[in-house]
Amino acid sequence: MQLKEPFEISSGIVYDRRVILLTLFSDGLVGWSECVAGEDPGYSYETCETAWSILTQLILPRMIGKEVAATQEGMKETDWIKGHPMAKAAVEMALLDLEAKTQNKPLSSIIGGTKQKVEVGVSVGLQPNDEELAKKVGTFIEKGYSRIKLKIKPGRDVHMVGNIRDLYPDTRIMVDANSAYTLQDMEVLKELDQFGLMMIEQPLAYDDYLDHSRLQQELQTPICLDESIRSVRDVKLAVELGSCRIVNIKPGRVGGIASSQAIHDFCLKENMPVWCGGMLESGVGRAHNVALASLPGFVLPGDISESQRYWAEDIVEPEFTIDNGHVQVPTGHGIGVAVLEDLVTKLTVETAEF
Ligand code: OSB
Ligand code: MG
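Quantities reported herein were computed from a predicted structural model and do not represent experimental measurements.

When helices and strands are counted, the protein shows 13 helices and 15 strands. By its C-alpha atoms, the protein is 60 × 40 × 35 Å across when sized along the principal axes. Looking at the protein as a whole, 55% of its 354 residues are labelled buried. Long-range contacts, defined as pairs at least 24 residues apart, comprise 70% of the intrachain contacts of the protein with a sequence gap of at least 6.

In this structure, Val118, Leu150, Ile152, Val161, Leu192, Val247 and Ile263 are the most contacted members of the largest nonpolar core, which totals 78 residues. Take this core: its biggest share by element is six residues, from helix 11 (residues 283-293). Counting contributing residues per domain, this core is built from domain 1 (2-108) and domain 2 (110-338), each supplying no fewer than three. Dropping the residues within four chain positions of it, Val161 is found in contact with Leu150, Ile152, Val175, Leu192, Phe195 and Leu197. Ranked by size, the runner-up nonpolar core spans 23 residues in total, among them Leu55, Leu60, Met75 and Val91.

In the vicinity of ligand 1 lie 17 residues, with Ser123, Asn178, Lys250, Leu280 and Tyr310 positioned nearest. At 3.0 Å, a side-chain N or O of Asp176 approaches an oxygen atom of ligand 1. For ligand 1, whose accessible area on its own is 390 Å², the fraction buried by protein is 96%. Class assignment of the residues belonging to the shell around ligand 1 gives a composition of five nonpolar, four polar and eight charged.

Take the layout of surface pockets next. Considering only enclosed or pocket space, the largest pocket measures out at about 1,700 Å³ in volume. In terms of lining, the largest pocket is formed by 49 residues, of which the most central are Leu21, Leu22, Thr23, Leu24 and Phe25. Residue assignment for the lining of the largest pocket shows that the elements contributing at least two residues are strand 3 (20-26), strand 4 (29-35), helix 1 (48-63), helix 2 (71-75), helix 3 (85-102) and helix 13 (341-347). Residues that form the lining of the largest pocket fall into these classes: 27 nonpolar, eleven polar and eleven charged.

Moving on: the pairing of strand 2 (residues 12-16). Of the strand pairs in this sheet, strand 1 (residues 2-9) and strand 2 are connected by four bridges, and their pairing is antiparallel. What sits directly across from Gln2, in strand 2, is Asp16. Here strand 1 folds back onto strand 2, and the loop between the two strands holds two residues.

Residue placement: Ser231 occurs in the loop between strand 10 (223-225) and helix 9 (232-241). In this structure the C-alpha to C-alpha distance between Ser231 and Gly255, which are 24 residues apart in sequence, comes to 7.5 Å. Not counting residues within four places of it along the chain, the set of residues in contact with Ser231 comprises Val254, Ser259 and Ile263.

With that settled, consider the coordination of the magnesium ion (ligand 2). The coordination sphere of the magnesium ion (ligand 2) contains the protein donors Asp176 (OD), Glu201 (OE) and Asp226 (OD), at a distance range of 2.1 to 2.3 Å. Using a relative accessible area of 0% as the deciding quantity, one classes Asp176 as buried. Given a relative accessible area of 0%, Asp226 falls into the buried group.

Turning to its location among the elements, Asp303 is positioned in the loop between helix 11 and helix 12 (307-310). Among the polar contacts made by the side chain of Asp303, one reaches the side chain of Lys149 at a distance of 2.6 Å. If we skip the residues at most four places from it in the chain, Asp303 touches Gly121, Val122, Ser123, Arg147, Lys149, Trp275, Cys276, Gly277 and Gly278.

The next point concerns the domain arrangement of the protein. Each assigned domain of the protein is listed here: domain 1 (2-108) and domain 2 (110-338). Placing the centre of domain 1 and that of domain 2 at their C-alpha centroids yields a distance of 21 Å. Summed over both partners, the interface of domain 1 with domain 2 comes to about 3,600 Å²; 65% of that surface belongs to carbon and sulfur atoms. Of all residues in domain 1, Tyr43, Leu107 and Ser108 bury the most surface against domain 2, accounting for 20% of the area lost on that side. A salt bridge links Glu8 to Lys153; the shortest N-O distance between them is 3.9 Å. Summed over the shared surface of domain 1 and domain 2, the result is 24 residue pairs in polar contact (both at pLDDT 80 or more). Listing elements by their share of the side of domain 1 that touches domain 2, those giving two or more residues are strand 1, strand 4, helix 3 and helix 4 (107-110). Considering each element in turn, the side of domain 1 that touches domain 2 owes the most residues, eleven residues, to helix 3.

Rules of the game
- Residues numbered from 1 in each chain as written.
- Chains lettered and ligands numbered in written order.
- Predicted model: local features only at pLDDT ≥ 70, side-chain atom pairs only at ≥ 80, totals over all residues.
- Heavy atoms only, no water.
- Helix = DSSP H or I, 4+ residues; strand = E, 2+ residues; numbered from the N terminus.
- Buried < 20%, exposed > 50% of the residue type's maximum accessible area, 1.4 Å probe, protein only.
- Contact = heavy atoms within 4.5 Å.
- Core = buried A, V, L, I, M, F, W, Y, C linked by side-chain atoms within 4.5 Å.
- Domains from an automatic or database assignment.
- Near = heavy atom within 4 Å.
- Polar contact = N/O pair within 3.5 Å; in protein donor to acceptor, adjacent residues only side chain to side chain.
- Areas by Shrake-Rupley, 256 points an atom, 1.4 Å probe, with all protein chains shown as cover.
- Nonpolar A, V, L, I, M, F, W, Y, C, P; charged D, E, K, R; others polar.
- 1 Å grid on protein atoms, 1.4 Å probe; cavity = no way out; pocket = protein on both sides within 12 Å on 5 of 7 lines; lining within 4 Å.
- Points joined across faces, edges and corners; volume = space filled by probe spheres on them.
- Pairing = 2+ DSSP bridges.
- Donors = N, O, S within 2.8 Å, 3.2 Å for Na, K, Ca; no water.
- Buried area = accessible area lost by both parts, 1.4 Å probe.
- Salt bridge = Lys/Arg side-chain N within 4 Å of Asp/Glu carboxyl O.

So this is what it looks like as structure tokens:
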């Protein structure tokens, strides 16, 4: 799927996504999910190629003909595989869509969702210059997004963010560094601390809980962890060390919805706000994210843009749209949106059937 415009973050530029869609069939019903793995290992070690390999060689051939009472029973088959949460998440979320459809219920309701609509923000990629960025931000504010996330990297930070802060003094702004800094950059990070940002997302290396803790002690602004959180165990470590004050939950990154629920429940108990992140999903993955964000602990706006922010034509119907800073939680069965199968067929470059 071709993005409407390139999306640039500190680790690289994305022009399009090779989306792995997973379709599971059972008892006349069809469950859908999407794998969030990217083209290269710039965000996580998992890529389209590794996920394809794990799914087609190790997980899916063993699932055929299995009788399972519920999603988590089916997922036991994958416990022996170390890591690869993005590949596993795809299986879990397609099973959950099937499970919800079996019960004739919306996905959001079977996972404990309580909201009818979810508050959404937008993630703005690095732009060629400050003027372009200011224009983009202005358009998104007009659209109604309730907070703006700016991607930053060394050399594109203090001046750039200060400019947006001056132009839009009342807007909720946060930044996301995608691991581009180290503690050597303390001066820059302390300057960012002066802008009244909602949070600084993943400033340091994905596996550095210790330095995030040292940094958090030096900053007023909450640190939010994204790449660092792959399971509830990572959150427990981060809480113990004081590595963050906010957690970004992406079901595709943490192995699925059950893992997301565990993180959500733990954070709620710890008074740690959470929000639902995004990975440039098509409407299929977006539907799963919206269902998750309907849980009560998701108290901060998610990176859940409307379909039109990324895609000229989404692969689901109805598309996701923004209304007054919110996206509606679908009320139909399962993920609650229909996949445009003719369009998917047209866009498909490779298939594997089991
Ligand atoms: O770090 O949150 C991130 C997109 C791809 C990879 C990583 C990230 C992002 C985003 C976009 O910020 C979120 C979205 O709108 O889907
Ligand atoms: Mg992030």
